[in-house]
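What follows is each chain in one-letter form.
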Amino acid sequence: MPTLTSYLEDMLSNGTDADVVLQVGVGANSLSIHAHSLILQRAEYFRIALSSGFQEGLSKTIVLEDVNPHLASILIKALCTDSLPNPPGVTSLNVLEMLSLCRRFMFPSVISSGLMSIAEKRLVRGENALTLLAKAYDLDLLDAVDRLLSTIRT
């Protein structure tokens, strides 16, 4: 018998009983993510979009052309599992981009806290601190700037 987390992760991977499609990215770099409105509604942005008279609520299709499909798939999986493994192939700058997406789509704090922990650990391992601080500032992630500066000081 699978755990609830692994069951939800399998449902997302297979698109089983999906009732929403996220169209992420543009052209050759696009991805359709078949998801579940019940899970997506954990993020306030999706809850509002899907429960309203907006086009997204009626068509059950949400178009996110300006979002990196790989990062979106990691975040949607995190909505299902509350788990954020340190994903291979994802840079520290990508982690900050995901933090920005969490703020934009109003994800639960458990996900943004997990991303911040990943960013702090990567900083400790010697990744370019100035680049990370500049990116966090550029994305207006002032809490992340404060936490990264605190990590550098210790």
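In what follows, the structure referred to is the one given above.
Residues numbered from 1 in each chain as written. Predicted model: local features only at pLDDT ≥ 70, side-chain atom pairs only at ≥ 80, totals over all residues. Heavy atoms only, no water.

## Topic: the overall build of the protein chain
For the record, the criterion: Strands are runs of DSSP state E lasting at least 2 residues, helices are runs of H or I lasting at least 4, and numbering of each runs from the N terminus. The globule rule used for comparison is 2.2 Å times the number of residues to the exponent 0.38, while the radius of gyration itself is calculated over C-alpha atoms. Residue exposure (1.4 Å probe, protein chains only): buried if accessible area is under 20% of the type maximum, exposed if over 50%, otherwise partly exposed. For this analysis, residues touch if any pair of their heavy atoms sits within 4.5 Å. None of His or the chain ends enter the tally, which takes Lys and Arg as positive and Asp and Glu as negative. Working definition for charges: the position is that of NZ of Lys, CZ of Arg, CG of Asp or CD of Glu.
Each helix and strand counted, the protein chain has 9 helices and 3 strands in total. Starting at the N terminus, the α and β elements of the protein chain follow one another as α-β-β-α-α-α-β-α-α-α-α-α. Relative to a compact globule of 154 residues, whose C-alpha radius of gyration would be 15 Å, the protein chain shows 16 Å and is just as compact. Dimensions of the protein chain, computed from C-alpha atoms along their principal axes, come out at roughly 50 × 40 × 30 Å. A total of 154 residues make up the protein chain; the buried ones form 42% of that total. For the protein chain, contacts bridging at least 24 residues in sequence account for 62% of all contacts bridging at least 6. Distance between charge centres in the protein chain, computed from 12 positive and 16 negative side chains, equals 5 Å.

## Overview of the sheet that holds strand β1 (residues 20-24)
Basically, it comes down to this: Strands pair, by our definition, only if DSSP identifies at least two bridges between them. For helices, the fitted axis covers only the stretch in contact; all axes are lines through C-alpha atoms, and the angles between them, taken along N-to-C directions, range from 0 to 180 degrees.
Strands sit in the order β2-β1-β3 across an open sheet of 3 strands; the sheet is mixed. Among the strands making up the open sheet, the edge pair consists of β2 (31-35) and β3 (61-64). Each strand axis lies, on average, 20 degrees off the axis of its neighbour in the sheet, ignoring direction. Relative to β3, β1 runs parallel, the two being bridged by 4 bridges. Within β3, the position partnered with L22 by the bridge is I62. Packing against the sheet, helix α5 (residues 69-81) makes contact with β1 and β2, and its axis sits at approximately 10 degrees to β2.

## Quick word on the pattern of salt bridges
This is how the line gets drawn: A side-chain nitrogen of Lys or Arg and a carboxyl oxygen of Asp or Glu constitute a salt bridge if their distance falls within 4 Å.
With the rule as written, the count across this model stands at 4 salt bridges. Between D82 and R42 there is a salt bridge, with the nearest N and O atoms lying 2.9 Å from each other. Linking D82 in the loop between α5 and α6 (92-105) with R42 in the loop between α2 (37-40) and α3 (44-50), this pair joins segments that are 40 residues apart in sequence. The salt bridge involving R147 is made with E120; its shortest N-O contact spans 3.0 Å. Of this pair, R147 sits in helix α9 (residues 142-153) while E120 sits in helix α7 (residues 109-124), and the two are 27 residues apart along the sequence.

## Here's the deal with unusual backbone geometry
The phi dihedral of K60 falls on the positive side, at around 60 degrees, and the residue is not glycine. Inspection of the secondary structure assignment puts K60 in the loop between α4 (55-59) and β3. Taking relative accessible area as the criterion, K60 reaches 30% and is therefore assigned partly exposed.

## Quick notes on the packing of aromatic side chains
Aromatic ring pairs are reported here in terms of the distance separating the ring centres and the angle at which the planes meet. Short version of the rule: Note on aromatic pairs: the rings of Phe, Tyr and Trp (six-membered ring only in Trp) are paired at centre separations within 6.5 Å, and the planes decide the class, stacked below 30 degrees, edge-to-face beyond 60, tilted for the rest.
Tallied over the full model, the rule gives 4 aromatic pairs. Residues F46 and F105 carry aromatic rings whose centres are separated by 5.5 Å and whose planes lie at 15 degrees to one another, so their mutual orientation is stacked. With a gap of 59 residues between them, F46 in helix α3 and F105 in helix α6 connect regions that are remote in the sequence. What makes F105 buried here is its relative accessible area of 4%.

## Some thoughts on a nonpolar patch on the surface
Spelled out, the test is: A patch consists of residues exposed above 30% relative accessible area that lack any salt bridge, with like charges linked at up to 9 Å and nonpolar side chains (Val, Leu, Ile, Met, Phe, Trp, Tyr) linked at up to 5 Å. Each accessible area is a Shrake-Rupley result for a 1.4 Å probe, and residues are judged covered by the shown protein chains and nothing else.
Side chains of I48, F54 and M106 sit close together on the surface and give an oily, nonpolar patch of about 270 Å² of accessible area. Tracing the chain through its elements places F54 in the loop between α3 and α4.

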